[in-house]
Each structure stands twice: as structure tokens, then as C-alpha cells.
Amino acid sequence: MRTFIFMILAAAYLLLTGCDVHQWPERDQIGEAELVIRLNFHPVMTVWEHYYDIDTKELTEAAVATPESYDNTQHEGFIRYIVRIYPRSDTRSAIDTPLQEYLFTSELDGQEYDFETTATLPWGEYTVMAWADIRETYDEAPRYDASDFAQVVLLDHTLNTDYRDAFCGTMDVTVDKTSSSEPVAQTVQVEMRRPQAKFQIIAEGVEDFIQNAATRNDLSDYKVILAYTGYTPFAYSVLTDLLVDSRYNERFESAITALDSSSISLAVDYFLVRADETSTRVQIGVFDAAGQEIAMTDPFLVPLLRDRHTIIRGKFLAAHASGGFVGIDPGFDGDINIVQ
């Protein structure tokens, strides 16, 4: 109910609430009807455990009878909904300008993501498409440029935050005259699912490291570099459900987080993926405050699947790969190239 009230207020007080509605000229109307658009979110993630042996370089999936699942809903912050209505097309990639577009930004305040809005449309066949992403504060810039559903672009590749989560959905619908003498609103259910996987690298057997860090340095003094040794997708098409652009050999800075007395998290990232199972290859380097190498892994494989939280465990702080990061000039002068 709170979300529905916000929607009504947004329509009435456009400038105050940040809701924007655009309508484009429509063909000659024979009749029109209301369409209720319901966005149904699927925020649950399933944990996918693996162990990486730094000596044999083998990745083994953990034998788990019932994988753990958890609700990844963020109950604080803001969520942005973008709903676009297009004439139905046999070729989704040919869809161009939407007939109607709705943009809402709503405070979460402990609420779920599900959302509802209403459009008035002439009788006809349509495709409803929606995108939603979240952020911590209202004034914070969105992490995705969703101005064009043919290419939604990741703008801010910050690690270790669940505010990188995003969802999208598509549904065809026919709006026509009802048998009732009174106008009856029709309803379309749009299932909102994430086009991403999430993964986490956890170093185990690090009791001495944690103890020494507590006495000599703060964990925040250590720097972690997550390097992708292949292509990193950064653009996704809602129209076709395909990845449309990527960059090569990207590196990002991470930070160490203690999980318990014997394990630390080295990096958490969200990764745009296609609908079927895939993988990426990464390399991890850990450095102290002076830039001295503490550990360096060889590149290793990270399995990925939408709605899965892949966890790779291993004795990563005992890894000492020769030659540094893959793709870096061997004449490297000691400065670490970090993508901010």
C-alpha cells in the first residue's frame, strides 16, 4: 500500500517526488483501456560453494545436499523503477521508441521491491519492459545508465556492495475491449529477475594473518586487487536478454573483511551474465600499506549463473604466482594499475 500511495503522489506532485512520465503521439484510437502493470521481484540468491586448491589449481564444487538460499533484498535506501511500453514486435531488437515511459524512485524503508502502476492505452498488442536498480541515498547517481533498454550500461563497478543488484523483466500483453459494460482494468504480471551473478573470494586458514594485522596494522591498510584476465561485460540489452559490450583485462580495488577468526573476504562482485551457466577467470593480489606483495594467485575459474552467489574458498594468502598479474608488462615499475 505504501508504494501505491507513493505512485499516486508522484503523479500529482511530479517535481517533488522525482517521478517522470513521457507519452508519445499514438495512432488513431478506436478505444482505450487501463492496464495495471505489476512488477514481481525475485530477490532470492542460492549459494554455490566451491574450493580452489592453490597447489593443484583444481576447482571443486562442494557437495551440498540442500544449497543455502537467502533473500538479497536491501531494506534501506532507494529503488528506481523504469517501465516502458512498446508496440509488440516480432523482432525485439527492432523495438525503438516506447509509446509510454514511466520513471519512479521510491524509498525502501523496510519495504519489498514489488511495485504496481497503471497505464491507459488504446486497444492493441504491446510489450511491457521494466528495469529496476537500487542505491543507498536519493542523491546518489544510479550505477546503471538505463536510458536505452537496447544497452543498459554499468557506470560504477564498485566491489563489496549489494547496491549493485538490479532486475529486469519483459511481458507481452493484449489490451482490448472487455465484455463488461463498465471499463475494467486489465493486468499484466512482469517477473523481475536479475541479469547478474554474484561471486565472493574467501581466504581460509588466515588465523596468523588476522592476529598480526590486529597488532601491527588495521585490515583496512591492506589492499586487494581483483583482476579479470579476460572480458568483463558492462552492457546488457533488456530487449534481447543478451550481453552487448565488454572490456578486456580490467582490474578493481577491493578491501579485506574479516568473517571469523580464520577466514577473510577478499572481494565480492556482481557480474552481468547470459541466461545459461558461464564463467570468468580472475586473479587476486594482496598488498600491504607499503605496496609490498603479500600474496598473488594464478588466474583461476569462477563459475557463474544468474541468481547464484558463487563462493570460492581457498588458502589464497599462501599463493605466490610468478610474473605478477597476467597482462601486465614484466617491466612493471611497482605501481598498481587500479580501475576506480
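Note that the structure is predicted; figures quoted are calculated from it, not measured.

A look at the nonpolar core
With 33 residues, the main nonpolar core has Phe199, Ile201, Ile256, Ile264, Leu266, Phe300 and Phe316 as its most contacted residues. With 29 residues, the next largest nonpolar core counts Tyr113, Ala132, Val188 and Met192 among its residues.

Brief notes about the sheet that holds strand β2 (residues 32-41)
Picture the strands of a sheet paired through backbone hydrogen bonds; they go either parallel or antiparallel. Here three strands make up an open sheet; going across it, the order is β8-β2-β13 and the pairing mixed. Of all the strands in the sheet, the pair left with one neighbour each is β8 (115-122) and β13 (186-192). Neighbour to neighbour, the strand axes of the sheet diverge by 25° on average, direction disregarded. Both β2 and β8 contribute to a ladder of eight bridges, which runs antiparallel. Across the sheet, the residue bridging to Ala33 is Leu121, located in β8.

Considerations on the confidence of the model for the protein chain
For the protein chain, per-residue confidence averages 85 on the pLDDT scale, and residues scoring 70 or more make up 82% of the total. Every residue in residues 328-340 scores below 50 in pLDDT, and together they form 14 contacts with partners more than four places removed in sequence or on other chains.

Focus: empty space enclosed by the protein
For the coordinates displayed, the defined rule picks out one cavity of 30 Å³ or more. Estimates place the volume of the largest cavity at around 40 Å³. Taken together, Tyr144, Leu154, His157, Arg164, Gln196, Pro233, Tyr270, Phe271 and Leu272 form the lining of the largest cavity. With three residues, the single largest contributor to the lining of the largest cavity is strand β20 (residues 263-272). By residue class, the composition of the lining of the largest cavity is six nonpolar, two polar and one charged.

Overview of the pattern of salt bridges
All chains considered together, the criterion is met by 15 salt bridges. Here Arg38 ties to Glu116 by a salt bridge, and the two come within 2.9 Å at their closest N and O atoms. Taken as a pair, Arg38 in strand β2 and Glu116 in strand β8 lie far apart in primary sequence, 78 residues in all. By relative accessible area, which is 33% here, Arg38 ends up partly exposed. In this structure, the salt-bridge partner of Arg313 is Glu49, at a minimum N-O distance of 2.9 Å. Here the residue Arg313 occupies a position in strand β24 (residues 308-314), and Glu49 occupies one in strand β3 (residues 44-53), the gap between them amounting to 264 residues. Among the residues examined, Arg313 registers a relative accessible area of 22% and is labelled partly exposed. The network of salt bridges with shared partners includes Glu49, Glu204 and Arg313.

Focus on the side chain of Thr297
Along the chain, Thr297 turns up in the loop between β22 (293-296) and β23 (300-304). Overall, the relative accessible area of 2% leaves Thr297 in the buried class. Contacts of Thr297, omitting those with residues within four sequence positions, involve Gln283, Ile284, Phe316, Ala319 and Ala321.

Some words on the packing of aromatic side chains
Counting across every chain of the model gives 16 aromatic pairs. Measuring from ring centre to ring centre gives 6.1 Å for Tyr52 and Phe316, while their planes differ by 5°; the resulting arrangement is stacked. In this pair, Tyr52 is assigned in strand β3 and Phe316 in the segment after β24, connecting sequence segments 264 residues apart. As far as the burial class goes, Tyr52 and Phe316 line up, both buried. Taking 5.6 Å as the distance between ring centres and 70° as the angle between the ring planes, the aromatic pair formed by Phe78 and Tyr138 counts as edge-to-face. Here Phe78, found in strand β6 (residues 78-87), pairs with Tyr138, found in the loop between β9 (124-135) and β10 (144-145); they are 60 residues apart in sequence, far enough to count as distant. An aromatic cluster of at least three residues, connected via ring pairs, comprises Phe41, Tyr81, Phe104, Tyr113, Phe115 and Phe167.

Conventions and cut-offs
- Residues numbered from 1 in each chain as written.
- Predicted model: local features only at pLDDT ≥ 70, side-chain atom pairs only at ≥ 80, totals over all residues.
- Heavy atoms only, no water.
- Core = buried A, V, L, I, M, F, W, Y, C linked by side-chain atoms within 4.5 Å.
- Buried < 20%, exposed > 50% of the residue type's maximum accessible area, 1.4 Å probe, protein only.
- Pairing = 2+ DSSP bridges.
- Helix = DSSP H or I, 4+ residues; strand = E, 2+ residues; numbered from the N terminus.
- Axes fitted to C-alpha atoms, helices over the stretch in contact; angles between N-to-C directions.
- pLDDT = per-residue confidence, 0-100.
- Contact = heavy atoms within 4.5 Å.
- 1 Å grid on protein atoms, 1.4 Å probe; cavity = no way out; pocket = protein on both sides within 12 Å on 5 of 7 lines; lining within 4 Å.
- Points joined across faces, edges and corners; volume = space filled by probe spheres on them.
- Nonpolar A, V, L, I, M, F, W, Y, C, P; charged D, E, K, R; others polar.
- Salt bridge = Lys/Arg side-chain N within 4 Å of Asp/Glu carboxyl O.
- Phe/Tyr/Trp six-rings, centres within 6.5 Å; stacked < 30°, edge-to-face > 60°.

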